[in-house]
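Given next are the chains, with one letter for each unit.
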Amino acid sequence: MRRVLPFVCPPSYPFWRQWVAALQEAMPDEHVVVFHELDARDLASCDVAVVANPSIEDLRALPNLKWVHSVWAGVERLVADLGDLDLKIVRLVDPVMAETMSEAVLAWTLYLHRDMPRYAKQQASREWLEHEYVGAGDKTVSLLGLGALGTASAVKLRGAGFQVCGWSRTRKSISGVQCYAGEEELLQMLGRTDILVCLLPLTSKTEGILSAEVLGALPQGASIINFARGPVVDEHALRRALDESKLSHAVLDVFNREPLPVNAWQWAHPRVTVLPHISGPTNRRTASALAAANILNYRTTGVLPISVDRKTGY
Ligand code: NAP
């Protein structure tokens, strides 16, 4: 008998049909049904669901639910909304996403490294002016977060010839990468950083971590890339650091409010590049295959995949 596997997303989510089709193809033994088409019997019977920004009310309507598999890597909203709901959250850890994200990290690091924002401004004012070239080997790119995405990015940056540093909560060891750990070592790393790339999860500890003090610890003229979540950065401190030329440029893919409101200051700031949350998209096919493998393993062994630690929030 095929079991019903709900796909839980907001009713307005435009890609639910594509997700149901991709998940169904990856899981022929399950009957994948979008949440709003479940009947009362289905609601009562499900013990696992695949989710994309689900509402907690929808999850509460599934009384036997034990765990959910998110199709996103960042699950901070779900973790924050859970409250007293006793539910395990499995987030997406996909090597294909890590590859895509590390490609974006390299692309936008090269954009900053080769002074593209500066030369674009010069072209706009028909100014012919060359600036001294400093090679990749003389530039340090530092990663905040050395998890699935940060580690892949560190390796890619190292391959491109940069000096690479990385910071995490617990100490890591990555060949060719200078690894720092814990709050006490953060400022140490920042002091030698030319380009700072943020790939931290949003948690109670990382919210606002890129504060005035932390940005102030970067050398004059450093740049930042935020591919994590908007609230990790103190926006006021960032704006001040850019206005005062402490930072030469910020590439921002994530914001406190998304889509970024049309009147937001970032759109027109001469030292900001705005991206519409595109640095590490989920690949529907590989994400569905990973969810399928995890769910099949659970069906056959009863073992859940590694889930988010509710205490640390990631
Ligand atoms: P992950 O595997 O959980 O890695 C998180 C890393 O951050 C780990 O190295 C962890 O340290 C470190 N960390 C967490 N809290 C810390 C703290 N308080 N101090 C120092 N280090 C801390 O996560 P991931 O898969 O790499 O994803 C990272 C984030 O990227 C996601 O949470 C999501 O928000 C964002 N993301 C953005 C996009 C996009 O398109 N813009 C796409 C996908 C994901 P330990 O290793 O010691 O645990």
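Whatever comes next refers back to the structure up there.
Residues numbered from 1 in each chain as written. Predicted model: local features only at pLDDT ≥ 70, side-chain atom pairs only at ≥ 80, totals over all residues. Heavy atoms only, no water.

A. Layout of the site of the ligand. In the region of the ligand, 29 residues are neighbours, and Arg-91, Leu-149, Thr-170, Lys-172 and Tyr-314 sit closest. Gly-147 has a polar backbone atom sitting 3.1 Å from an oxygen atom of the ligand. In isolation the ligand exposes 940 Å². Once the protein is present, 92% of that is buried. Among the secondary structure elements, those contributing two or more residues to the shell around the ligand are helix H5 (95–113), helix H7 (148–159) and strand E7 (163–168). Split by residue class, the shell around the ligand holds 14 nonpolar, nine polar and six charged. When residues are assigned to domains, the shell around the ligand turns out to be shared by domain 1 (3–94 + 282–301) and domain 2 (98–274), each giving three or more. (Near = heavy atom within 4 Å. Polar contact = N/O pair within 3.5 Å; in protein donor to acceptor, adjacent residues only side chain to side chain. Areas by Shrake-Rupley, 256 points an atom, 1.4 Å probe, with all protein chains shown as cover. Helix = DSSP H or I, 4+ residues; strand = E, 2+ residues; numbered from the N terminus. Nonpolar A, V, L, I, M, F, W, Y, C, P; charged D, E, K, R; others polar. Domains from an automatic or database assignment.)

B. Inspection of the pairing of strand E4 (residues 67–70) at higher detail. Because side chains alternate across E4, one face comprises the buried residues Trp-67 and His-69, and the other comprises Val-68 and Ser-70, equally buried. Bridging between strand E3 (residues 48–51) and E4 involves four bridges; their strand directions are parallel. Bridging across to E4, Val-50 finds its partner in His-69. Here three bridges tie E4 to strand E5 (residues 88–90), and the two strands are oriented parallel to one another. Each bridged residue has a counterpart across the sheet, and for Val-68 the counterpart in E5 is Ile-89. (Buried < 20%, exposed > 50% of the residue type's maximum accessible area, 1.4 Å probe, protein only. Pairing = 2+ DSSP bridges.)

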